[in-house]
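Working through the structure, step by step
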Amino acid sequence: MASSSDIAAVRPDRNRNRRSLRSAALFVTGAICWGIFLVWLGWLHHAEQLYARQYLERMAARATLPVYTPGDVVTWKDDGKLLFAGWSGPEAGFRWSGAREAVFIFRLPPGWNREAAYRLKMHFAYSINAQRVTILLNKSAVADFTLRGAGLVDAAVAGRLLHDVNVVELLLPGATQPGTGDFRVLAVAMVDFVLERAA
């Protein structure tokens, strides 16, 4: 027959085991909840990007787009040669991207050369911290780089990537508020854009 001291020794062990099991169950439950939350955030981001692209495609198909002639330099002022989406308004010498995706849409003139090689160039005046920038032309990546402050991107573009109506997307996953009382979500400040025939 077990003595009272033996029973007293067993009970703390059982209580300790119960607490351990309870802690493990809470940890596993918390991890599962966090996993579900992160998956939901990823799905939400994907759905947001998909909706934005579908919206841009519909806008490009229906809008009266400006005609852009290769070689024309478009400045931060908006010269009426591109349709801007996801950009902030013009400032003193530049224009900030205003979201995690900034877009140009333009139409090429009749008879443009599909066989030629082109170069897409953009000057930037500033960036908010170091910014990862991916540039897509009609959903094909043409540049992927990290911008730290001012800089120039000069990307080769095959004529086969161009269409009559073109969408240039800047993907800016690091866009953030600058922390100066400015509540915009900023990433890079564009000075000018040009799509030109390669030399």
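Heads up: the structure comes first, above all this text.
Now for a description of the structure that goes with this document.

Each value, and the rule that gives it
Residues numbered from 1 in each chain as written. Predicted model: local features only at pLDDT ≥ 70, side-chain atom pairs only at ≥ 80, totals over all residues. Heavy atoms only, no water. Helix = DSSP H or I, 4+ residues; strand = E, 2+ residues; numbered from the N terminus. Buried < 20%, exposed > 50% of the residue type's maximum accessible area, 1.4 Å probe, protein only. Polar contact = N/O pair within 3.5 Å; in protein donor to acceptor, adjacent residues only side chain to side chain. Patch = residues over 30% accessible without salt bridge, like charges linked within 9 Å, V, L, I, M, F, W, Y side chains within 5 Å. Areas by Shrake-Rupley, 256 points an atom, 1.4 Å probe, with all protein chains shown as cover. Salt bridge = Lys/Arg side-chain N within 4 Å of Asp/Glu carboxyl O. Phe/Tyr/Trp six-rings, centres within 6.5 Å; stacked < 30°, edge-to-face > 60°.

1. A closer look at the side chain of Arg95
With respect to the helices, strands and loops of the structure, Arg95 is situated in strand β4 (residues 95–97). For Arg95, a relative accessible area of 6% translates into the label buried. Of note is the side chain of Arg95, whose polar atom sits 3.0 Å from the backbone oxygen of Ser88.

2. Observations concerning the environment of Ala158
Checked against the element boundaries, Ala158 lands in strand β9 (residues 151–158). On a C-alpha basis, the gap between Ala158 and Val142 in space is 9.4 Å, while along the polypeptide they are 16 residues apart.

3. Quick look at a nonpolar patch on the surface
Together, Phe27, Val28, Ile32 and Ile36 give the surface a local cluster of nonpolar side chains, amounting to about 440 Å² of exposed area. Within the secondary structure, Ile36 sits in helix α1 (residues 4–62). Classification of Ile36 as exposed rests on a relative accessible area of 56%.

4. Description of the packing of aromatic side chains
Tallied over the full model, the rule gives 11 aromatic pairs. Here the aromatic rings of Phe106 and Phe193 are separated by 6.3 Å at their centres, their planes lie at 55°, and the arrangement is tilted. With Phe106 in strand β5 (residues 101–107) and Phe193 in strand β11 (residues 188–197), this pair connects stretches of sequence that are 87 residues apart. Here Phe193 falls in the buried class, since its relative accessible area comes to 0%. Both rings, one in Phe124 and one in Phe145, keep their centres 6.4 Å apart while their planes meet at 50°; by these two values the pair is tilted. One end of the pair, Phe124, is in strand β6 (residues 117–127); the other, Phe145, is in strand β8 (residues 140–148), with 21 residues separating them in the sequence.

5. Description of the pattern of salt bridges
Counting across every chain of the model gives 7 salt bridges. Asp164 is paired through a salt bridge with Arg114; the nearest N and O atoms lie 3.4 Å apart. With a gap of 50 residues between them, Asp164 in the loop between β9 and β10 (165–171) and Arg114 in the loop between β5 and β6 connect regions that are remote in the sequence. According to the relative accessible area criterion, Asp164 is partly exposed, its value standing at 42%. Take Arg114: its relative accessible area is 45%, and that puts it in the partly exposed class. Of the charged contacts in the structure, one is a salt bridge between Asp182 and Arg184, with a shortest N-O distance of 2.7 Å. Using a relative accessible area of 22% as the deciding quantity, one classes Asp182 as partly exposed. The network of salt bridges with shared partners includes Glu91, Asp182 and Arg184.

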